[in-house]
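Structure assessment
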Amino acid sequence: MINLEGNLKADKVLEYATDSILITSNDFDHPGPTIIYANAAFENMTGWSRDEIIGQSPRILQGPNTDHSVFKDMVEVLKSGQVWQGQTVNYKKDRSEFVMEWSISSIPDTQGKPEYYIAVQRDVTHRVEMARKLEETRQLAAEANRKRMNLSRYFSPLTAEHLAERDNPLGDIRKQKVAVLFIDIEGSTTFAESMEPEKVIAMLRSFYQRMARVIFKYNGSIEHFGGDSLLAVFGVPDTKPSDATNALQCSKEMLAVLSKWNNKRIHHGRQEIIADITAHYGDVVLGDIGVQESMSFTVIGDTVNTTSRLQELCRSLNKQLLVSEEILTQASIESSEVDDQSIGNGFNDLKSVGSHAIRGRNKNIHLYSWP
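Summarised in this report is the structure supplied together with it. (Residues numbered from 1 in each chain as written. Predicted model: local features only at pLDDT ≥ 70, side-chain atom pairs only at ≥ 80, totals over all residues. Heavy atoms only, no water.)

All right, on to the pattern of salt bridges then. This structure, assessed with the given rule, holds 15 salt bridges. Across the pair Arg 361 and Asp 302 runs a salt bridge, and its minimum N-O distance is 3.3 Å. A residue pair is termed long-range when its members are at least 10 positions apart, and Arg 361 in the loop between strand S12 (351–356) and strand S13 (365–369) and Asp 302 in helix H10 (residues 302–317) qualify at 59 residues. Between Glu 312 and Arg 359 there is a salt bridge; the shortest N-O distance is 2.5 Å. Of this pair, Glu 312 sits in helix H10 while Arg 359 sits in the loop between S12 and S13, and the two are 47 residues apart along the sequence. Each member of the salt-bridge network shares a partner with another, and the members are Asp 19, Glu 101, Arg 122 and Arg 127. (Salt bridge = Lys/Arg side-chain N within 4 Å of Asp/Glu carboxyl O. Helix = DSSP H or I, 4+ residues; strand = E, 2+ residues; numbered from the N terminus.)

Here the focus is the pairing of strand S6 (residues 174–185). Within a regular beta strand, the side chains point alternately toward one face of the sheet and then the other, so they alternate between its two faces. Buried residues dominate S6, accounting for nine of its twelve residues. Two strands pair when backbone bridges link them, and S6 and strand S8 (residues 229–234) are joined in this way by six bridges, in the antiparallel orientation. From the neighbouring strand, Ile 183 faces S8, where its bridge partner is Leu 230. (Buried < 20%, exposed > 50% of the residue type's maximum accessible area, 1.4 Å probe, protein only. Pairing = 2+ DSSP bridges.)

In helix packing, the relevant descriptors are the interaxial angle and the interaxial distance, both defined with respect to the helix axes. Running from N to C, helix H8 (residues 197–217) and helix H9 (residues 243–267) point in directions that differ by 145°, and their axes come no closer than 10 Å. For H8 against H9, the interelement crossing comes out right-handed. On the side of H8, the interface is formed by Met 203, Ser 206, Phe 207, Arg 210, Met 211, Val 214, Ile 215 and Lys 217, while H9 contributes Cys 250, Glu 253, Met 254, Val 257, Leu 258, Trp 261, Lys 264 and Arg 265. Each residue belonging to the contact of H8 with H9 can be placed in one class, and the counts come to ten nonpolar, one polar and five charged. (Axes fitted to C-alpha atoms, helices over the stretch in contact; angles between N-to-C directions. Left-handed = near helix turned anticlockwise from the far one by under 90°. Contact = heavy atoms within 4.5 Å. Nonpolar A, V, L, I, M, F, W, Y, C, P; charged D, E, K, R; others polar.)

The following block contains the structure:
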């Protein structure tokens, strides 16, 4: 036994250590060092008794999942007189795994050469598992934040927060009735040709921000940003009892916001922005479309196409806003279902502009506009 000078015995000091202590010979040649001392903490950590372990190789603790790469520089470090440190999976006597962290240093002889090696060992399984769970939690939080950020591109902050909690926030591919609203800037090509590129982008951003705030206010979602247009949907991902009403109210407020913005632009000597708004109600198909590397949630169908093509009639009829009879009918149904006639009465100032043919559609569509 290795003794300290005086009355204090080394084995007594090591016996009371809370960390596992293992002392081995200094033989690195095959079959390698052997264990000459193990304290009580080692027995508690590994399940091996000292009688069983003395004379054995420290490799008795290794197993299938031990990462042997951690030992690649151990001999060189110890021979140079430095302290070696490592961490990997080791095995108890019952072959159950645990993660061991340990450091090894030399005990020199009277000439300063390594005579023994002492290893201080700890079971850090719990710490490693907690670190793994923390990292997993961070990754989940990052993924949730990424999902929330993606959703916030299309939905109001409150709706995006709610949808982010779902495993499949936008649902499966399906058909459902929604209200569709389309807004398009007139003469955008002229803008692009007459203004500096940076100013064109700044103008479009300001336009989109103003329109998006109104859309989100009325529980709409933004399905698509075009170069100079915006497609909004009311009733995605879940239908609501006032989707058509919300779309109509949104269209009216868009006109008001656009008028206020134009007053400000004209006051500062900038060009007026004319945008046409169309709204319709009916069936659409919803779902993710694309390839695995690039998916996009979209709505397609006759209702979307019709809403977009109504823009052509805005120009020919010289109307800044056109809505279909279908969306007005649905808004009237919604108001009767909630027993609130004030909702439907809010659109009494709409005037019929007659029935019109739509490109790509067999049936005419009856349209209304605000004066």
